[in-house]
Amino acid sequence: MAVWALGINHTTAPLDLRGRFAFALDQIAPTLQGLRQSLGGAARHPHVETALISTCNRTEIYCAGHEAALDHTLDWLAHSGGVSPSLLRSHSYTLEDGLVARHAFRVASGLDSMVLGEAQILGQMKDAVRAAETAGALGTTLNQLFQRSFAVAKEVRTSTEIGAHSISMAAAAVRLAGQLFEDLSEIRVLFVGAGEMIELAATHFAARNPKAIAIANRTLERGEKLASRFGGEVMRLADLPGRLHEFDAVVSCTASSLPIIGLGAVERALKKRRHRPMFMVDLAVPRDIEPEVKALEDIYLYTVDDLASVVQTAQASRQAAVAQAEAIIDAGVQSFMHWMDQRSPAGGVVPLIQQINAQTDEWRALEIARAKKLLAKGEDLDTVLDALSRGITQKMLHGTLAELRAGDADTRAQTAQTVSRLFLRAQSKSGL
């Protein structure tokens, strides 16, 4: 089996390009189905395994099949995002075999994140793997890759201090708000969305006891549940434009494919606020807030990429932890590649075992079907069972007996030794 991966992340692609390849969790199954059909169209890739990880900072496709198909996979992804393959290629990275394992292990461990050592990516990877499994796109190879990724990540977190000084996006947003407003207990904060990132951001802001908290969400039930935790109110997204002016800080992170806070709505809000400043954080990919909003004089708008300089602090103190983590990852990669070698035709017997199992299953099905027909005709049960056992035995021994009769004397003698070792092992042991 070959393993390959391609992706874009916060270091290789700008925010708007990443937005073209952002997939919500409920989009993963149909997306993987489309990719597998595309790869399966070629005779060389009839049973390809696929998985898709999509977060604010990365979109990555992992595949396993008989032969790597990086170019085909890249062309397919480019088409799905509506860009040229050459543009995507210039902003992406492609990996094969051991490099795929190393990358997956680093991602799961938080070493490839914008926030070094952050733990959220591990949960996002587990969600993506469950989605791929539910879609029937995950096979033995990728399942092993990701389960080993999770094990390596756990060891990194328990054995090193890699996450000890990490600053989350939510904490960074609070820090920036504190630079704009003298007292966060005097501001009103609006959260748009009710997902994991908004919950995290609301938790950090609530710790500073703001004057008011509101949750705007497409479904009121989800919004009410989150608002009740922080003593806040809930509103519909449709009411957001008319009430935007009431809030000093706005943090948005939804799965919308189009911006939900436009330039016009913000301009009207500023006018009602008599140009008192507004702090806005857009954590969504694709964007929730139109990028033109940033140019307004009294608006302080930050995207996930803008927060990079805030979260990348205390790097030097973590270098030793990074070295420890890389050593754990090295051992994990070697272990995974050893497992892959054992499964290959040259290094293992797994494919042969699979073929033998498939053949015996076929024989068994044929004889069972024949036995059912005999029973339906009223044949005696003992007679049918005897015919069933004889039929299966004859099918299993046919090739072996034919080999014993074929070839010259030396060949027959070698075959006889092998057959004795395989079929008469129990008798030999009992005679010792």
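Coordinates for the structure precede this section.
Fair warning: this is a prediction, and the values are worked out from it, not measured in the lab. Here the residue numbers are simple positions, counted from 1 along each chain's written sequence. Whole-chain, interface and lining totals are the exception, using all residues; otherwise, since this is a predicted model, local features are given only for residues with pLDDT of at least 70 and side-chain atom pairs are given and counted only at 80 or more. Hydrogens are left out, water is left out, and the side-chain values use all remaining heavy atoms of the structure.

## A closer look at helix H8 (residues 169-180)
Counting from the N terminus, the helices are the DSSP runs of H or I reaching at least four residues and the strands are the DSSP runs of E reaching at least two. Multiply 1.5 Å by the residue count of a helix minus one, and that product is the helix's expected span. If you check H8, its first and last C-alpha atoms are 17 Å apart, about what twelve residues at 1.5 Å a residue would give, namely 16 Å. Summary of the burial criterion: residues with accessible area below 20% of their type's maximum are buried, those above 50% are exposed, and those between are partly exposed, where the area comes from a 1.4 Å probe applied to protein chains only. For H8, every residue scored as buried is listed here: Met169, Ala170, Ala172, Ala173, Val174, Leu176 and Ala177.

## Quick word on the nonpolar core
The biggest cluster of nonpolar side chains holds 66 residues, and the ones touching the most others in it are Tyr62, Phe105, Leu142, Leu145 and Phe146. Broken down by element, the residue count for this core peaks at nine residues, all from helix H14 (residues 319-343). Any two residues whose heavy atoms approach within 4.5 Å are treated as being in contact. Among all residues touching Leu145, those that are not within four sequence positions of it are Tyr62, Val100, Ala101, Ala104, Phe105 and Phe336. To define a nonpolar core, start from buried Ala, Val, Leu, Ile, Met, Phe, Trp, Tyr and Cys residues and group those joined through side-chain atoms within 4.5 Å. Grouped together as the second largest cluster of nonpolar side chains are 39 residues, Val115, Ile198, Ala227 and Val304 included.

## A word on the pairing of strand E10 (residues 299-303)
Residues of E10 alternate between two faces, with Ile299, Leu301 and Thr303 buried on one and Tyr300 and Tyr302 left unburied on the opposite face. Strands are labelled as partners when DSSP assigns at least two bridges between them. Of the pairings in the sheet, the one linking strand E9 (residues 278-282) to E10 comprises five bridges and is parallel in character. Paired with Met278 across the strands is Ile299, a residue of E10.

## A short note on the sheet that holds E9
What the six strands build is an open sheet, ordered E7-E6-E5-E8-E9-E10; its pairing is parallel. With partners counted over all chains shown, the strands left at the sheet margins are strand E7 (233-236) and E10, one partner each. Within the sheet, the average angular offset between the axes of one strand and its neighbour, ignoring direction, is 20°. Sitting on the sheet, H8 is in contact with E9 and E10, with an inclination near 165° to E9. As a rule, the C-alpha atoms of each element are fitted with a line to give its axis, helices using only the stretch in contact, and angles between N-to-C directions run from 0 to 180 degrees.

## Concerning the environment of Tyr93
Along the chain, Tyr93 falls in strand E4 (residues 93-96). Judged by its relative accessible area of 14%, Tyr93 falls in the buried class. Separated by 31 residues in the primary sequence, Tyr93 and Tyr62 have C-alpha atoms spaced 12 Å apart. The residues contacting Tyr93, other than those within four sequence positions of it, are Ala5, Leu6, Gly7, Ile8, Asn9, Thr12, Arg58, Glu60 and His103.

## Some remarks on a nonpolar patch on the surface
Each patch is built from residues lacking any salt bridge and having more than 30% relative accessible area; the joining distance is 9 Å for like charges and 5 Å for nonpolar side chains (Val, Leu, Ile, Met, Phe, Trp, Tyr). Accessibility throughout is a Shrake-Rupley quantity obtained with a 1.4 Å probe, and a residue counts as covered only by protein chains that appear here. Counted as salt bridges are all cases of a side-chain nitrogen of Lys or Arg within 4 Å of a carboxyl oxygen of Asp or Glu. There is a patch of nonpolar side chains on the surface, built from Met396, Leu397, Leu401, Leu422, Phe423 and Leu424 and spanning about 530 Å² of accessible area. For the nonpolar patch, the elements supplying multiple residues, two or more each, are helix H16 (381-405) and helix H17 (409-423). At three residues, H16 tops the list of elements feeding residues into the nonpolar patch.

## Remarks on the packing of helix H5 (residues 98-109) against helix H6 (residues 120-134)
In a packed pair of helices, the relevant descriptors are the angle between the two axes and the axis-to-axis distance. It is the contact of H5 with H6, at a shortest axis distance of 7 Å, that shows an interaxial angle of 125°. Put simply, H5 runs oblique to H6. For the pair H5 and H6, contact is made by Ala104, Val107 and Ala108 and by Ile121, Leu122 and Met125, respectively. We call Asp, Glu, Lys and Arg charged. Ala, Val, Leu, Ile, Met, Phe, Trp, Tyr, Cys and Pro are nonpolar, and the rest, Gly among them, are polar. Residues belonging to the contact of H5 with H6 are distributed by class as follows: six nonpolar, no polar and no charged. Should an angle lie under 35 degrees it is considered roughly parallel, over 145 roughly antiparallel, and from 65 to 115 roughly perpendicular; all remaining angles are considered oblique.

## Some details on the sheet that holds E4
Strand order across the open sheet formed by four strands is E2-E3-E1-E4, with antiparallel pairing between neighbours. Unpaired on one side and paired on the other, strand E2 (49-54) and E4 mark the two borders of the sheet. Taken over all neighbouring pairs, the strand axes of this sheet differ in orientation by 15° on average, direction set aside. With four bridges connecting them, strand E1 (residues 2-9) and E4 associate as antiparallel partners. Residue Leu6 lies in a different strand from E4, and its bridge partner there is Thr94.

## Brief notes about the packing of H6 against helix H7 (residues 140-159)
The geometry of H6 relative to H7 is characterised by a closest axis approach of 11 Å and an angle of 160° between their N-to-C directions. Taken as axis vectors, H6 and H7 run roughly antiparallel relative to one another. Handedness of the H6/H7 crossing: left-handed. For the pair H6 and H7, contact is made by Leu122, Met125, Lys126 and Val129 and by Phe146, Phe150 and Ala153, respectively. Here a crossing is taken to be left-handed if its near helix is turned anticlockwise relative to the far helix by less than a right angle, and right-handed if that turn runs clockwise.

## Structural notes on unusual backbone geometry
A cis geometry characterises the amide bond from Val285 onward to Pro286, with omega recorded as 0°. Among the structural elements, Pro286 can be located in the loop between E9 and E10. Backbone geometry places Asn209, a non-glycine residue, at a positive phi of 50°. Mapped onto the elements, Asn209 comes out in the loop between helix H9 (196-206) and strand E6 (212-217).

## Quick notes on the environment of Gly163
Positionally, Gly163 belongs in the loop between H7 and H8. Exposure remark for Gly163: the relative accessible area of 31% places this residue in the partly exposed category. Placed 136 residues apart in sequence, Gly163 and Gln27 show a C-alpha to C-alpha distance of 31 Å.

## Concerning the pattern of salt bridges
Tallied over the full model, the rule gives 20 salt bridges. The residue Asp16 makes a salt bridge to Arg287 at a minimum N-O spacing of 2.7 Å. With Asp16 in helix H1 (residues 15-20) and Arg287 in the loop between E9 and E10, this pair connects stretches of sequence that are 271 residues apart. On the basis of relative accessibility, which here comes to 47%, the residue Asp16 falls in the partly exposed class. Measuring nitrogen to oxygen at the nearest pair gives 2.3 Å for the salt bridge that ties Arg229 to Glu199. Placement of the pair is Arg229 in helix H10 (residues 220-229) and Glu199 in helix H9, with a sequence separation of 30 residues. Here Arg229 falls in the partly exposed class, since its relative accessible area comes to 48%. The exposure class assigned to Glu199 is partly exposed, which follows from its relative accessible area of 32%.

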